[in-house]
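Survey of secondary and tertiary structure
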Amino acid sequence: MSLELRGITKTFGSLTANDSINLRVETGQIHAILGENGAGKSTLMNIVYGLLKADSGEILVDEKFIDISEPSDALNAGIGMVHQHFMLIPVFTVAENIVLGHEKIKKLGVLDISTARDAIKKVSRDFGFEVDPDAIVETLPVGIQQKVEIIRALIYDAKVLILDEPTAVLTPQETDELLKTMQELKRKGTSIIFITHKLREVRAVADQITIIRRGKVVSAVLPTTSEGELASMMVGRAVDLAPVKHKHVIGNAILVAKDLTVRDALGTAVVKAVNFHVNAGEVLAIAGVQGNGQSELARALVNLEDHIEGSINLDGKEIKGSSIYDSLHAGIAFIPESRELDGLVSSFSIAENLILDLHDQAPYAKGLNLSANIVLSEAEKRVAEFDIRLQSVNDAVSTLSGGNKQKVVIARELSRPIKVLVASQPTRGLDVGSIEFVHERILAERDQGRGVILFSTELDEVMALADRIAVMYRGEILEIVDSGVTREELGLLMAGVVNKKASA
Amino acid sequence: MRNALSKFGQAIKLPGLSFFMAFTITGLIIAVSDAKVLAKFSSPLDFITSALASVGNAYLALFQGSVFDVNLIKDGSFIQGFYPLSETIVTATPLILTGLSVALAFKSGLFNIGAQGQFIFGAIGASYVGFNFDLPIGIHILAAALTGAIFAAIWGGIVGILKARTGAHEVILTIMMNYIAAYFILWVLKTQTFLRPGRIDPIAPEVNENARLPLLAGSGFRLNFGIFIALAAALFVWWLLTKTTIGFKFRAVGANAQAAKTAGISVPFVITSTMMICGALAGLGGAVQVLGSEYALNTDIAGSFGFDAITVALLGRAQPLGTVFAALLFGALQAGGRTMQSNTGVPLDIVQVTQALIVLFIAAPAFVRYIFKIKKMKSSAALTSKGWNG
């Protein structure tokens, strides 16, 4: 089935989210839509799926005009969508989730689950999925949950499948598996619209790439285009994908973690007696699939976790057991994993967020008094230095884009004297331009002789920035390897396979 | 200036419309509950005029009881006509203080239902120092008021420490502490220390002359220095929240405790110190009530000042100035309601209906916007505590 969009335009107030977009997806084609956050990809897909109504423009399925004003119209036309945030009920089984909204009943009003169960088995067989129809959804890994969404679309006869940022939540292994699934679907004749901002994946599977910038189609290219070219088309200027890492002398160990164990509230060790150190002027990346204890380890380094055993030595001083305040002011800059939940107070102004951990220090505070003037003037300086795009530092930080929010966090953390930077997933959810900025700042800290501990699940990021790489698996550090390691070797380590040859 | 005015207009638009609707509905209730009005049901014109007259009389009495009453002018003393306004302010004074207590807690993300209990402890402390010691003028007031505030700060602080240490929910804790306080005062009033000589009913001796707050408009009015204490407290809360590092911590924890914690702000410190300051504010309310108008501690000293405080703080959007205005309004309704009851026979309880309606409409802004077809305002940040999961 082919899908064609002609002149789709959608405005929200003064903002033109989609500006006469033309797009054609052929039968059995994987069509990637590439664009930064806020470029208008999701708006476009929500129009196709009937969640939004276009101001003007036409949608054609198999050369015939169709009218889509709500999701059921899209489903009837054979268009299915897998949302970035899954639309599944966690406590229901796979089969129950799939019949949801399409429930059929047998005699006496009994819900007919067995038909769905058979259909799931059939689709699983056809496409090589391994999904148990009776498994409770919340017990399944994220990758499998996503397959449940795909199966649901296929069972209801989707011939065009929209995948909205499907790899954002997946591990590298799960990502590879999804890409294989996509190719399998394509071979069976399903058309796929693949929305993403990850260049490597696009080049791996797409047949055709459409790049959207600020609501407009800026180019339609083939996957043979290089990553650098794709990135600069997305951002609208030349982008440095591989930041320049200057060679320089690496100093002595500045932070040493010894036999560090972190337990959760139930007493289970989520980080198990790990040992590592970071030297001044070095980036130590802690890689690993999400959920292997990295988040807890990162938080433990500033004593944010409640149950920590072992030792954390910062420049000769034991900081384990200190308060969070003392850990930060002993010289650790901390970029938390979730800027929304842990990094920022969204209803506070940008200026206030810039002093969240500095508000009772000079020059902001004199005794009890907080000097509003100095807070504002210092905020203006940070905004200029870190190129934070805003209207006024008095606006709520929630008015900023994701990239600018992260800049606020980084500007705050780097504006006090530090010895070590602990950055937890610092580029998660950011667009290419912002990622480039964050990478430059991390390397700048390294070049100025600070130790950087970078927690990241993104292999590309780890390989581009790290001097040494520690791989975490099930709460342990399996190996610490040098940056010459290959993608494949890292991938294996992240899956828990210890490869002796990879050790440094 | 124009900008500031339009901002102010925006800020009071919703409360203003809520008042309007609350008074309209109250008027309907007054009209249909008046037998004289209902008797004219057969003739529509008479029905409407008598309904309007009934409601008009009731609201006139409400005004006469709360602001100005020409009938009170005696012996050419025009000022005597303002006796109702003095009553409004006297009723509002403790409400301002308890309202601030609840409002400040809201800013730190806490729901302080405990102003009632804190008020009681403030009253007990102030009363004890007030009648039991002989101190010079000025110092006696200070000592009595401070003792009340400290008693209540400890009472509130217990909740803060329990929540900070164990994570127990402050709503449950403060409700339970209210019960304890309510029965504690019954017991205290029966002890030898507090029993007034020659009396067997639970009432404490009156506080000494030196401990009484000075009257501001002579002995003909109950208006006393307490209102200045309340206004100073409002100024203090405003200063604390907007100008100090402690207020910054309070607001940060109130808006996002997790981010505040990550930035090194001690959440247990904020919870404990907030509850202590809130306790002190409500306790000061109790002290002012004893030292300014009641003079003697009795079982009903707290009335419903601690509970109305929640409504007042909500109505004032947890802002110090807003809380002052909301408390004055409630004071006026209470004072006016009494006159309305005696002059027109409309029961005092109708005032509670009005208060409830105002809050109901304020709590459901979407409904008011729907009725008056107002677009959503940009800065109508919802006022919420952390609810049951905090």
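From a predicted model like this one, the values you see are computed outputs, not experimental measurements. Here the residue numbers are simple positions, counted from 1 along each chain's written sequence. For naming, the first written chain is A and the first written ligand is 1, with later ones following in the order written. In keeping with the model being predicted, local features are shown solely for residues with a pLDDT of at least 70 and side-chain atom pairs are shown and tallied solely at 80 or more, while totals for entire chains, interfaces and linings include all residues.

Structural notes on the overall build of chain B
Selection criterion: A run of DSSP states H or I qualifies as a helix once it reaches four residues; a run of E qualifies as a strand once it reaches two. Both are numbered from the N-terminal end. Taken over C-alpha atoms, the radius of gyration is set against a globule rule of 2.2 Å times the number of residues to the power 0.38. Burial is judged by counting other C-beta atoms within 10 Å of a residue's own C-beta: 20 or more means buried, 12 or fewer means exposed, and anything between counts as partly exposed, with every C-beta placed from the backbone.
A tally of helices and strands in chain B yields 15 helices and two strands. For 390 residues, the compact-globule estimate of 2.2 N^0.38 gives 21 Å, and chain B sits close to it at 22 Å. Judged by the C-alpha coordinates and their principal axes, chain B covers about 70 × 60 × 40 Å. Per-residue burial over chain B gives 49% buried out of 390 residues.

Some words on the overall build of chain A
Here is the rule: Contact definition: two residues whose C-beta atoms, as placed from backbone geometry, lie within 7 Å.
In terms of helices and strands, chain A carries 17 helices and 22 strands. In summary, chain A has a C-alpha radius of gyration of 25 Å against a globular reference of 23 Å for 504 residues, a match within 12%. Principal-axis analysis of the C-alpha atoms places the extent of chain A at approximately 70 × 50 × 50 Å. Taking all 504 residues of chain A together, the buried fraction comes to 45%. Contacts spanning at least 24 positions in sequence make up 66% of the contacts within chain A whose residues lie at least 6 apart.

Re the sheet that holds strand β21 (residues 468–473) of chain A
Residue and element names in this part refer to chain A. So the rule is basically this: Between any two strands, pairing holds if DSSP finds at least two bridges. The axes are straight lines fitted to the C-alpha atoms, using for helices just the contacting stretch, and the angles between their N-to-C directions are given from 0 to 180°.
The strand order across the open sheet formed by six strands is β16-β19-β20-β13-β21-β22, and the pairing between neighbours is mixed. The outermost strands of the open sheet, each flanked by one partner alone, are β16 (332–335) and β22 (476–482). Averaged over all pairs of adjacent strands, the angle between strand axes in this sheet comes to 15°, irrespective of strand direction. Where helix α17 (residues 487–494) meets the sheet, it contacts β13 (282–287), β21 and β22, and its direction lies at approximately 30° from that of β21.

As for the interface of chain A and chain B
Quick reminder of the rule: Residue polarity is assigned by list, with Asp, Glu, Lys and Arg as charged and Ala, Val, Leu, Ile, Met, Phe, Trp, Tyr, Cys and Pro as nonpolar; anything else, Gly included, falls into the polar class.
If you look at the interface, chain A gives 21 residues, while chain B gives 17 residues. Every element with two or more residues in the side of chain A that touches chain B is listed here: α10 (324–329), α11 (339–343) and β18 (369–370) of chain A. In the side of chain A that touches chain B, the residues fall into 13 nonpolar, five polar and three charged.

Observations regarding the sheet that holds strand β5 (residues 64–66) of chain A
Residue and element names in this part refer to chain A. The four strands lie next to each other as β2-β1-β4-β5, forming an open sheet whose pairing is antiparallel. Here the strands that pair on one side only, and so sit at the sheet edges, are β2 (15–25) and β5. Adjacent strand axes in the sheet meet at a mean angle of 30° when their direction is disregarded. Here strand β4 (residues 56–61) runs beside β5; their pairing, made up of three bridges, is antiparallel. Across the sheet, residue leucine 60 finds its bridge partner in β5, namely phenylalanine 65. Relative to the sheet, helix α1 (residues 41–48) contacts β1 (3–12), β2 and β4, its axis offset from that of β1 by approximately 115°.

Structural notes on the environment of threonine 272 of chain B
Residues and elements named next belong to chain B. Position of threonine 272 relative to the elements: it lies in helix α11 (residues 267–294). The spatial distance from the C-alpha of threonine 272 to the C-alpha of leucine 329 is 31 Å, given a sequence separation of 57 residues. If we skip the residues at most four places from it in the chain, threonine 272 touches Gly157, Gly160, Ile161 and Ala164.

With respect to the packing of helix α12 (residues 305–315) of chain B against helix α14 (residues 349–363) of chain B
All names here are of chain B. Counted only if it meets this: Reported orientations rely on four angle classes, namely roughly parallel under 35 degrees, roughly antiparallel over 145, roughly perpendicular from 65 to 115, and oblique for the rest. Helix crossings get a hand from a simple test, with the near helix turned counterclockwise from the far one by less than a right angle marking a left-handed crossing and a clockwise turn marking a right-handed one.
With their axes 10 Å apart at the nearest point, α12 and α14 run at an angle of 45° to one another. Taken together, the axes of α12 and α14 lie oblique to each other. α12 and α14 meet at a crossing whose hand is left-handed. Between α12 and α14, the contacting residues are Thr311, Leu314 and Leu315 on the first element and Gln355, Ile358, Val359, Ile362 and Ala363 on the second. Partitioning the contact of α12 with α14 into residue classes produces six nonpolar, two polar and no charged.

Focus: α1 of chain A
Residues and elements named next belong to chain A. The buried count for α1 comes to eight of eight residues, which makes it a mostly enclosed element. Along α1, the residues that are buried comprise Lys41, Ser42, Thr43, Leu44, Met45, Asn46, Ile47 and Val48. The positive-phi residue at the C-terminal boundary of α1 is glycine 50, with phi of around 85°.

Description of the nonpolar core
Inclusion rule: Joining buried Ala, Val, Leu, Ile, Met, Phe, Trp, Tyr and Cys residues through C-beta atoms within 7 Å gives a set, and that set is a nonpolar core.
Ranked by internal contacts, the top residues of the largest apolar core, which has 260 residues, are Val48, Val422 and Leu454 of chain A together with Leu291 of chain B. Counting residues per element, this core draws most heavily on α11 of chain B, at 14 residues. Apart from the residues lying within four places of it in its own chain, the contact partners of leucine 454 of chain A are Val283, Ala285, Ile286, Ala423, Ile442, Leu465 and Ala466 of chain A.

Some points on the packing of helix α9 (residues 245–255) of chain B against α11 of chain B
Residues and elements named next belong to chain B. Axis separation between α9 and α11 bottoms out at 10 Å; the angle between their running directions is 105°. Comparing the axis directions of α9 and α11 gives the class roughly perpendicular. Packed against α9, whose contacting residues are Lys249, Phe250 and Val253, the element α11 presents Val267, Val270 and Thr274 at the interface. A class-by-class count of the residues in the contact of α9 with α11 yields four nonpolar, one polar and one charged.

A closer look at the pairing of strand β20 (residues 451–455) of chain A
Residues and elements named next belong to chain A. Applicable threshold: Seen with its strands pointing away from the viewer, a crossover is right-handed when the path leading from the first strand over the helix to the second is clockwise.
With five of five residues buried, β20 is to be regarded as a mostly interior element. Burial of β20 is two-sided: the residues Gly451, Ile453 and Phe455 facing one way and the residues Val452 and Leu454 facing the other way are all buried. Bridge analysis of β13 against β20 gives five bridges, and the strand direction is parallel. Pairing of alanine 285 across the sheet is with leucine 454, part of β20. Relative to β20, strand β19 (residues 420–424) runs parallel, the two being bridged by five bridges. Looking at β20, one finds that valine 420 is bridged to glycine 451. With helix α15 (residues 432–447) bridging β19 and its parallel neighbour β20, the resulting β-α-β unit is right-handed.

Concerning unusual backbone geometry
Residue and element names in this part refer to chain A. Of note, the bond from alanine 362 into proline 363 is cis; its omega dihedral lies within 30 degrees of zero at 0°. Within the secondary structure, proline 363 sits in the loop between α12 (350–353) and β17 (365–366). With phi around 40°, alanine 273 is a residue other than glycine that occupies positive phi space. Of note in this structure, glutamine 425 is not a glycine but carries a positive phi near 45°. Among the structural elements, glutamine 425 can be located in the loop between β19 and α15.

Points about the confidence of the model for chain B
Residues and elements named next belong to chain B. Cut-off, in case you're wondering: pLDDT: the predictor's confidence for each residue, scored from 0 to 100.
Mean pLDDT over chain B: 91, with 95% of residues reaching 70 or higher. Under a pLDDT of 50 for its full length, residues 378–382 has, in the predicted model, two contacts with residues more than four places off or in other chains. Segment residues 384–390: pLDDT under 50, and eight contacts once partners within four positions in sequence are set aside and those in other chains are kept. Predicted complex metrics record ipTM = 0.86 and pTM = 0.83.

Things to note about the environment of glycine 109 of chain B
Residues and elements named next belong to chain B. Structurally, the position occupied by glycine 109 is in the loop between α4 (83–107) and α5 (115–132). Residue class for glycine 109 comes out buried when judged on the 24 C-beta atoms lying within 10 Å of it. Taking the C-alpha atoms as reference points, glycine 109 and proline 202, separated by 93 residues in sequence, lie 38 Å from one another.

Details of the pairing of strand β3 (residues 30–34) of chain A
All names here are of chain A. Burial analysis of β3 places five of its five residues in the buried class, which makes it a mostly covered element. Judged by which residues are buried, β3 turns out to be covered on both faces: Ile30, Ala32 and Leu34 on one side and His31 and Ile33 on the other are all buried. Pairing geometry for β3 and strand β8 (residues 191–196), over five bridges, is parallel. Note on β8: the bridge partner recorded for leucine 34 is threonine 196. Two elements, β3 and strand β9 (residues 208–213), share four bridges in a ladder whose sense is parallel. Residue pairing across strands places leucine 34 opposite isoleucine 211, the latter belonging to β9.

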